[in-house]
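An overview of the molecular structure
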Amino acid sequence: MHNLLVTGGAGFIGSNFVHYMLEKYSDYRIIVFDKLTYAGRLENLARAEAFGPRYAFVQGDICDMAAVRQVVQQYAIDTIINFAAETHVDRSIMTPDAVIATNVNGTWVLLEVAREQQLERFHQISTDEVYGAIPVPQRSKEGDPLEPRSPYSASKAGAEHLVYAYFVTYGLPVTTTRGSNNIGPFHYPEKAVPLFTTNALDNLPVPIYGDGLQVRDYQYVFDHCEGIDLVLHKGELGEFYNVGTEVETANIAMAHKILDLLGKPHSLITYVTDRAGHDRRYALDCSKLRALGWQSRHTFDQALELTVRWYVDNEAWWRPIKSGEYLEYYRKQYDERQG
Ligand code: NAD
Ligand code: DAU
């Protein structure tokens, strides 16, 4: 494992992972392959430029088999780590087509090239959402049935099934991680934590879906990257690994903490119409990954504080995003919700 193709590496988790890997492994070369959708931003990778020939960026679509084959051959890729996806649940509800194309078909294209070029490893970045809504007090273990309930989570489950099918049918060396909600730098401000933070900074409403008592496991993106790294190096082929903190936080509690960190009033909170089919709770059991030697380094409070501080210090990154396509999306998404 030396020449890594990181698909979706210009997005939130992908770009953090690229920096993490370049800094940790001096003998790895990282090639980012990314379509640069609204969520993919070259500025997220600015620090990677300093690594000279150990890093390269190629713009391309994972649904384009010829382009994927070309980049794999040109850079003698031996490992693909697939972050590329349409990732926003609300957008997947409004317009499911791109979600199905990239998340399902795109993953299939990558698998097909990985098989043809006999790669050493294909690693799929998946999500805790594939398990569906989990009732209290259950926790999802890797062997549990998948019961996805949104177009996004169904597409991620479909992708996982293809990955596993390529392991069983063709013997492709694969691994999969299922991460909980990540927070940290370069998180596109359509997602709850960066949206609440940047809205609050501008004294705009902080929109809470439904009663705000939905539960998520928010982990610092750096901890997720460490989990992926561990599975790449110590994970068993054909296996799935949950990655999360096992700490449960209700959305309304998270919103209160953000407002408190920013010194903003709770009156900014606005309850809006709930997300269709909103999963009430996700809860992972991460003992399988811990058995490999992993542990989350940041508590929820530390992760949230680092994240909020990053947005305070990096207005130059998020301010330009919150215009144009973003505003159009925001109006479509929230005008109706707010009545
Ligand atoms: P993101 O939306 O920030 O970034 C996605 C990236 O994929 C962007 O750079 C985009 O340009 C690229 N992309 C989209 N379609 C593409 C295509 N057809 N070809 C090439 N590139 C394409 O996403 P993220 O939050 O960083 O999530 C990364 C991965 O992690 C996804 O697979 C997601 O399902 C998974 N995941 C995310 C979270 C989370 O909390 N954000 C948690 C668990 C798993
Ligand atoms: O659980 C992992 C998943 O986490 C990833 O697979 C997805 O790619 C990622 O987008 C994220 O999905 P969520 O739907 O959990 O994240 P989001 O930030 O959109 O929402 C978090 C919670 O906050 C969720 O319960 C919905 C709620 N929410 C969200 C928004 C955008 C609100 O209450 N108001 C909002 O405006």
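None of these values were measured; they are calculated from a predicted model. (Residues numbered from 1 in each chain as written. Chains lettered and ligands numbered in written order. Predicted model: local features only at pLDDT ≥ 70, side-chain atom pairs only at ≥ 80, totals over all residues. Heavy atoms only, no water.)

Observations concerning the environment of L195
Structurally, L195 can be placed in helix α6 (residues 192-201). For the pair L195 and V206, spaced 11 residues apart in the sequence, the C-alpha separation amounts to 7.8 Å. Not counting the four nearest positions on each side in its chain, L195 is found in contact with P189, E190, P207, K322, Y326, Y330 and Y334. (Helix = DSSP H or I, 4+ residues; strand = E, 2+ residues; numbered from the N terminus. Contact = heavy atoms within 4.5 Å.)

Overview of the domain arrangement of the chain
How big an interface is tends to be stated in terms of accessible area lost as the parts join. Assigned domains of the chain: these are domain 1 (3-182 + 220-243) and domain 2 (192-216 + 247-283 + 298-328). Every contact between the two is made by 25 residues of domain 1 and, on the other side, 19 residues of domain 2. Carbon and sulfur atoms make up 46% of the surface buried where domain 1 meets domain 2, a total of about 1,800 Å² over both sides. The interface formed by domain 1 and domain 2 includes 4 salt bridges. The shortest N-O distance in the salt bridge between R149 and D279 comes to 2.5 Å. Across the domain 1-domain 2 interface, the total number found is 13 residue pairs in polar contact (both at pLDDT 80 or more). Contributing elements (two or more residues each) for the side of domain 1 that touches domain 2: α3 (89-94) and α7 (221-234). With 4 residues, the single largest contributor to the side of domain 1 that touches domain 2 is α3. In terms of residue class, the side of domain 1 that touches domain 2 is built from 10 nonpolar, 6 polar and 9 charged. (Domains from an automatic or database assignment. Buried area = accessible area lost by both parts, 1.4 Å probe. Salt bridge = Lys/Arg side-chain N within 4 Å of Asp/Glu carboxyl O. Polar contact = N/O pair within 3.5 Å; in protein donor to acceptor, adjacent residues only side chain to side chain. Nonpolar A, V, L, I, M, F, W, Y, C, P; charged D, E, K, R; others polar.)

Regarding the pattern of salt bridges
Per the stated rule, a full pass over the model turns up 24 salt bridges. Between E23 and R47 there is a salt bridge whose closest N-O contact spans 2.9 Å. Highlighted residues: E23 in helix α1 (residues 12-24) and R47 in the loop between β2 (29-34) and β3 (55-59), separated in sequence by 24 residues. A salt bridge links E190 to K191; its shortest N-O distance comes to 3.2 Å. The pair E190 / K191 is uniform in exposure class, with both members buried. Through salt bridges with shared partners, one network takes in R91, E190, K191 and E325. (Buried < 20%, exposed > 50% of the residue type's maximum accessible area, 1.4 Å probe, protein only.)

Notes on the site of ligand 1
Not every one of the 28 residues close to ligand 1 is listed here, only the nearest: I13, D34, T87, Y152 and K156. The separation between an oxygen atom of ligand 1 and a polar main-chain atom of F12 is 2.9 Å. Considering ligand 1 on its own, with 830 Å² of exposed area, one finds that the protein chains cover 96% of that surface. Counting only elements with at least two residues in the shell around ligand 1, the list comes to α1, β5 (121-127) and α5 (151-170). The element that contributes the greatest number of residues to the shell around ligand 1 is β5, accounting for 3 residues. Tallied by class, the residues present in the shell around ligand 1 amount to 11 nonpolar, 13 polar and 4 charged. (Near = heavy atom within 4 Å. Areas by Shrake-Rupley, 256 points an atom, 1.4 Å probe, with all protein chains shown as cover.)

Let's talk about empty space enclosed by the protein
Taken as a whole, this structure holds 2 cavities of 30 Å³ or more when the rule is applied. The computed volume of the second largest cavity comes to approximately 70 Å³. In this structure, the second largest cavity is lined by V89, E129, R149, S150, R216, R275, A276, G277, H278, D279 and Y282. Here the residues of the lining of the second largest cavity are counted per class, giving 3 nonpolar, 3 polar and 5 charged. When residues are assigned to domains, the lining of the second largest cavity turns out to be shared by domain 1 (3-182 + 220-243) and domain 2 (192-216 + 247-283 + 298-328), each giving three or more. (1 Å grid on protein atoms, 1.4 Å probe; cavity = no way out; pocket = protein on both sides within 12 Å on 5 of 7 lines; lining within 4 Å. Points joined across faces, edges and corners; volume = space filled by probe spheres on them.)

A few points about helix α2 (residues 65-74)
Turning to α2, its buried residues number three or more, namely V68, V71 and V72. Looking down the long axis of α2, one finds its buried residues gathered within 100° of arc, a one-sided arrangement. Tucked inside the fold, the buried residues of α2 contact β1 (3-7), β2, β3, β4 (79-82) and α4 (96-116). The opening residue of α2 is D64, an N-cap whose side-chain oxygen sits 3.3 Å from the backbone nitrogen of A66. Two residues or fewer past α2, A76 is found with a positive phi of approximately 45°. (Arc of directions from axis to C-beta.)

Considering the packing of aromatic side chains
Per the counting criterion, the structure on display carries 18 aromatic pairs. Among the aromatic side chains, those forming a connected cluster through ring pairs are Y38, Y188, Y209, Y326, Y330 and Y334. One cation-aromatic arrangement involves K288 over Y241; the distance from NZ or CZ to the ring centre is 4.8 Å. In this structure, R337 is placed above the aromatic ring of Y209, and the distance from its NZ or CZ to the ring centre is 3.9 Å. (Phe/Tyr/Trp six-rings, centres within 6.5 Å; stacked < 30°, edge-to-face > 60°. Lys NZ or Arg CZ within 6 Å of the ring centre and 35° of its normal.)

Things to note about the side chain of N82
On the secondary structure map, N82 appears in strand β4. N82 gets classed as buried once you look at its relative accessible area, which sits at 1%. Look past the residues within four positions of N82 in its chain and what remains in contact with it is T7, I62, T107, L110, F122, H123, Q124 and I125.

A few points about the site of ligand 2
Surveying the vicinity of ligand 2 reveals 26 residues, the closest of which are D128, Y152, N181, R275 and Y334. Interatomic distance of 2.8 Å between a backbone N/O atom of P207 and a nitrogen atom of ligand 2. Residue R216 places a side-chain N or O atom 2.9 Å away from an oxygen atom belonging to ligand 2. Mapped onto the shell around ligand 2, the elements with two or more residues apiece are α3, α6 and β8 (206-209). Class assignment for the residues of the shell around ligand 2 results in 10 nonpolar, 9 polar and 7 charged. Composition of the shell around ligand 2 by domain shows at least three residues from each of domain 1 (3-182 + 220-243) and domain 2 (192-216 + 247-283 + 298-328).

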